[in-house]
Amino acid sequence: EMDAKYSRKMQALREEMDLRRKTEIHELEERKNNQISELIEKHEGAFGDIKNYYNDITAKNLSLISLLKEQVEEMKKKEIILEKEKMDVVLQNKELTEPLQQAQEQVAELQKKLAHYDKDKESLMNCKARLKVTQKELKDLQWEHEVLEQRFSKVQAERDELYQKFTKAINEVQQKTGFKNLLLERKLQGLLSLLEQKEVELGEVVAVSQLDPSALSLVSHKLKDVLHSKNDTIQDLQLQLARVCKAHNDMLQTFEAKLTAFGIPLDNLGFQPLTFPLPGQ
């Protein structure tokens, strides 16, 4: 009975479990079918969206392609125009190369000048300062120049006065020296003539008297003494003449030195000073 009882319970439980299993399977299938239906709907909606999206993209791409073709044609036209403009620009560049080079050189030069601008500015300031100092020095020099001009006028007047006095003294000394030289030369010529005459007379006396050799020797000795005395006199006269000539020449040299010291050219004398040669020259 218990076996039958538990067999019946087992059978009932198996039936119950089979029913529950079928029910659950049926529910799972329904849920699965619902999910599949939902997925299919979602997939169809997504597919429709994707189809519409790609259709839109395709339409846009076609319109974009046509637009791009038009743009390409326009770009080609622009390219042709730009090529022409490029050729023109190349020609203009060739024409502007030389002015550009000159402009670049000018820019380089201006940059150098700009680099030296500060130095030049500083130099200008220094020059202005030196200019002020120089202007002050110039005023001082002008004042000194006026003073020196006044002194020069005074010295020039003194020079003219000294020149007149010195010229007068030179003329007087020349007259005195020339007169004295003339007297000395005439005296010397007279003594020489007298000596020659005495020698001629002595020769005649000796020839006429026909003196003996001892007397002739005595006369010759005395004559030599006389000649020696005359020669001494001649030497003294020559020394006096040399001293006078040297004093005259020294005076001329002093006069020329004074003229040079006062800045007077020697040509302004108006005459050529006479320089006496020393005896024997």
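The name given to the protein chain in an unreviewed UniProt entry is Dynein regulatory complex subunit 4, with the source organism recorded as Sclerurus mexicanus. UniProt annotates the protein chain under Sequence similarities (unreviewed entry) with the comment "Belongs to the DRC4 family."

All right, on to the overall build of the protein chain then. Secondary structure assignment for the protein chain yields three helices and zero strands. Along the protein chain, helices (α) and strands (β) appear in the sequence α-α-α when read from the amino end. Within the protein chain, the proportion of its 281 residues that are buried is 7%. The contacts in the protein chain between residues at least 6 apart in sequence include a share of 82% that link residues at least 24 apart. Taken as a whole, the protein chain presents about 24400 Å² of accessible surface, with 58% of it coming from carbon and sulfur.

This brings us to the pattern of salt bridges. What the rule picks out here adds up to four salt bridges. In this structure, R21 and D18 form a salt bridge, with 3.6 Å as the shortest nitrogen-oxygen distance. Taken as a pair, R21 and D18 lie in helix α1 (residues 2–115) at a separation of three residues, close to a single helical turn.

Nonpolar side chains collect at one region of the surface, where M10, L13 and M17 lie side by side and expose about 280 Å² of accessible area between them. Inspection of the secondary structure puts M10 in helix α1. What makes M10 partly exposed here is its relative accessible area of 45%.

On to the packing of aromatic side chains, then. Applying the stated criterion to the full structure yields one aromatic pair. An angle of 75 degrees between the planes, with centres 5.4 Å apart, marks the rings of Y53 and Y54 as edge-to-face. A relative accessible area of 51% means that Y53 is categorised as exposed. Just above the ring of Y6 sits the side chain of K9; from NZ or CZ to the centre is 5.2 Å.

Let us look at the confidence of the model for the protein chain. A residue-level look at the protein chain finds 82% of positions with pLDDT of 70 or above and a mean pLDDT of 79. α1 holds the highest mean pLDDT among the elements of the protein chain, 88, whereas helix α3 (residues 213–261) holds the lowest, 75.

Summarising the element assignment, K180 is placed in helix α2 (residues 117–209). Classification of K180 as partly exposed rests on a relative accessible area of 44%. For the pair K180 and V244, spaced 64 residues apart in sequence, the C-alpha separation works out to 8.8 Å.

Further remarks concern α1. Taking 1.5 Å of rise per residue, the 114 residues of α1 would be expected to cover 170 Å, yet its terminal C-alpha atoms sit only 126 Å apart, more than 12% below that figure. Maximum bend of α1: about 45 degrees, positioned at L96, with proline P99 one to four residues after it.

Here is what the cut-offs are and how they apply
Residues numbered from 1 in each chain as written. Predicted model: local features only at pLDDT ≥ 70, side-chain atom pairs only at ≥ 80, totals over all residues. Heavy atoms only, no water. UniProt positions renumbered as here; feature names shortened; annotations may be inferred. Helix = DSSP H or I, 4+ residues; strand = E, 2+ residues; numbered from the N terminus. Buried < 20%, exposed > 50% of the residue type's maximum accessible area, 1.4 Å probe, protein only. Contact = heavy atoms within 4.5 Å. Areas by Shrake-Rupley, 256 points an atom, 1.4 Å probe, with all protein chains shown as cover. Salt bridge = Lys/Arg side-chain N within 4 Å of Asp/Glu carboxyl O. Patch = residues over 30% accessible without salt bridge, like charges linked within 9 Å, V, L, I, M, F, W, Y side chains within 5 Å. Phe/Tyr/Trp six-rings, centres within 6.5 Å; stacked < 30°, edge-to-face > 60°. Lys NZ or Arg CZ within 6 Å of the ring centre and 35° of its normal. pLDDT = per-residue confidence, 0-100. Expected span 1.5 Å × (residues − 1). Bend = angle between axes of the 7 residues up to and from the residue.

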